[in-house]
Amino acid sequence: DVKVTQSSRYLVKRTGEKVFLECVQDMDHENMFWYRQDPGLGLRLIYFSYDVKMKEKGDIPEGYSVSREKKERFSLILESASTNQTSMYLCASSLIGEAFFGQGTRLTVV
Amino acid sequence: SQKIEQNSEALNIQEGKTATLTCNYTNYSPAYLQWYRQDPGRGPVFLLLIRENEKEKRKERLKVTFDTTLKQSLFHITASQPADSATYLCAPYNAGNNRKLIWGLGTSLAVNP
């Protein structure tokens, strides 16, 4: 069974902290994505990667960075967490078209 | 810019009826269109993909149409069940840009017993 696993289901962090969200896929997919989802705003792409060490900005990259050192792992980094980054974060991977999502990380920044 | 529009109003239907959800797109000519289901607090799950040269695609109680002239896809759930209650998202894309799906906001469907 194909799987995308996010490191945490729920996370509470303090303003100013550096936050790491990890995502691992076991399908040997080239493409990996980080989204955030907020009520009424839908899925918004933060960053995506189509190969190891490659990354491209999505629609809302400000305040975030990513790392892809291995094909199966794509990390999202909040350099200095702020309250407006409280959201549901979703990781996804794909080969061609069909995207497989992780279970999501609900991050609260206090 | 590219824009994807789905019914913004939640759809409430009676069990056993057919639910029809709409996805319209503008400033875009996708070669493929996908539909996903999302339950509260969960990531979307892939349901169906339809290609531009396919007018209709079926999978069990699901049917998707793709009209490139109208720039519209319709998603039907026949003999609906309360377990079909969820948010449904459409995501058109082109093969050259398939790394980056463009998402609609989704339509919330409630099937009442």
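What this report covers is the structure whose coordinates are included nearby.

Of the residues lining the interface, 16 residues belong to chain B; the matching set on chain A comes to 22 residues. Between the two partners, chain B and chain A, sit zero salt bridges. Counting residues per element, the ones that place at least two in the side of chain B that touches chain A are strand 4 (32-38) and strand 9 (86-93) of chain B. Of all the elements, strand 4 of chain B adds the most residues to the side of chain B that touches chain A, at three residues. Looking at the side of chain B that touches chain A residue by residue, the class counts come to eight nonpolar, five polar and three charged.

Here the focus is the nonpolar core. With 40 residues, the main nonpolar core has Y35 and F101 of chain A together with W35, F75, Y88 and W103 of chain B as its most contacted residues. It is strand 9 of chain B that provides the largest number of residues to this core, a total of six residues. Setting aside residues no more than four positions away along its own chain, F75 of chain B makes contact with A19, T20, L21, W35, L47, L62, K63, V64 and Y88 of chain B. Of all hydrophobic cores here, the second largest spans 21 residues; its members include V4, M32, Y47 and L78 of chain A.

Conventions adopted
- Residues numbered from 1 in each chain as written.
- Chains lettered and ligands numbered in written order.
- Predicted model: local features only at pLDDT ≥ 70, side-chain atom pairs only at ≥ 80, totals over all residues.
- Heavy atoms only, no water.
- Contact = heavy atoms within 4.5 Å.
- Salt bridge = Lys/Arg side-chain N within 4 Å of Asp/Glu carboxyl O.
- Helix = DSSP H or I, 4+ residues; strand = E, 2+ residues; numbered from the N terminus.
- Nonpolar A, V, L, I, M, F, W, Y, C, P; charged D, E, K, R; others polar.
- Core = buried A, V, L, I, M, F, W, Y, C linked by side-chain atoms within 4.5 Å.
- Buried < 20%, exposed > 50% of the residue type's maximum accessible area, 1.4 Å probe, protein only.

Take it as geometry only, folks, not as evidence of what the structure does.
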